[in-house]
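Take a look at the letters that make up each chain.
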Amino acid sequence: AIVKVDLSDTLLGDSALGLIAGACPQLTALTLRRCRRIGASGLGSIFRRCHRLTSLDVTDSQQLNDAAISALVAACTPTDLRQ
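Summarised in this report is the structure supplied together with it. Since the structure is predicted, the reported quantities are computational estimates derived from the model, not experimental observations.

## Side note on the overall build of the protein chain
Helices and strands together make up the secondary structure of the protein chain, namely 3 helices and 3 strands. For the protein chain, the α and β elements follow one another from N to C terminus as β-α-β-α-β-α. Burial analysis of the protein chain (83 residues in total) assigns 33% to the buried set. Taking contacts inside the protein chain between residues at least 6 apart in sequence as the whole, the part at least 24 apart equals 76%. When the accessible surface of the protein chain is totalled, it reaches about 5,300 Å², and 51% of it is carbon and sulfur.

Written out as structure tokens, the structure reads:
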């Protein structure tokens with residue numbers, strides 16, 4: 001099973017993240033640096049399907065807003081969140 005994926009600097013969008021979430025539910029690490037087309041919908045798919053995810057890097061992914069952060073918080077239990 002695929003557990004680590006780095007898709008930095010791609011034109012990846014929300015629909016592609018949905019496909020990745022469905023195909024790779026065992027993901028533990030996902031890097032999406034400078035993926036400017038991803039948003040709350042795509043991240044929501046990842047959070048709902050990839051329950052083993054422990055590392056997410058969305059540095060400089062400009063589409064991410066309060067809705068995307070809310071999706072992350074809603075999908076996590078308090079023990080999942082680290083400071």
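That shown, we press on.
## Description of the environment of Val-58
Structurally, Val-58 is set in the loop between β3 (55-57) and α3 (66-75). For the pair Val-58 and Thr-31, spaced 27 residues apart in the sequence, the C-alpha separation amounts to 6.5 Å. Setting aside its immediate chain neighbours within four residues, Val-58 contacts Leu-32, Ile-38 and Leu-64.

## Quick look at unusual backbone geometry
A positive phi angle is found at Asp-9, which is not glycine, with a value near 60°. You can see Asp-9 is positioned in the loop between β1 (4-6) and α1 (14-23).

## Some thoughts on the pattern of salt bridges
For the structure on display, the rule yields 2 salt bridges. Ionic pairing is found between Arg-34 and Asp-9, a salt bridge with its closest N-O pair at 2.6 Å. Placement of the pair is Arg-34 in the loop between β2 (29-31) and α2 (40-49) and Asp-9 in the loop between β1 and α1, with a sequence separation of 25 residues.

## Description of the nonpolar core
Of all hydrophobic cores here, the largest spans 16 residues; its most connected members are Leu-17, Ile-20, Leu-27, Leu-30, Leu-32 and Ile-46. For this core, the elements supplying multiple residues, two or more each, are α1 and α2. Here Leu-27 is in contact with Ile-2, Val-3, Lys-4, Val-5, Ile-20, Cys-50, Arg-52 and Leu-53, once residues within four sequence places are set aside.

## Concerning the environment of Thr-28
Mapped onto the fold, Thr-28 is located in the loop between α1 and β2. Of the residues examined, Thr-28 reaches a relative accessible area of 24% and is grouped as partly exposed. Separated by 23 residues in sequence, Thr-28 and Val-5 have C-alpha atoms that sit 8.7 Å apart. Other than its neighbours up to four places away in sequence, Thr-28 contacts Val-3, Lys-4, Arg-52, Leu-53, Thr-54 and Ser-55.

Rules of the game
- Residues numbered from 1 in each chain as written.
- Predicted model: local features only at pLDDT ≥ 70, side-chain atom pairs only at ≥ 80, totals over all residues.
- Heavy atoms only, no water.
- Helix = DSSP H or I, 4+ residues; strand = E, 2+ residues; numbered from the N terminus.
- Buried < 20%, exposed > 50% of the residue type's maximum accessible area, 1.4 Å probe, protein only.
- Contact = heavy atoms within 4.5 Å.
- Areas by Shrake-Rupley, 256 points an atom, 1.4 Å probe, with all protein chains shown as cover.
- Salt bridge = Lys/Arg side-chain N within 4 Å of Asp/Glu carboxyl O.
- Core = buried A, V, L, I, M, F, W, Y, C linked by side-chain atoms within 4.5 Å.

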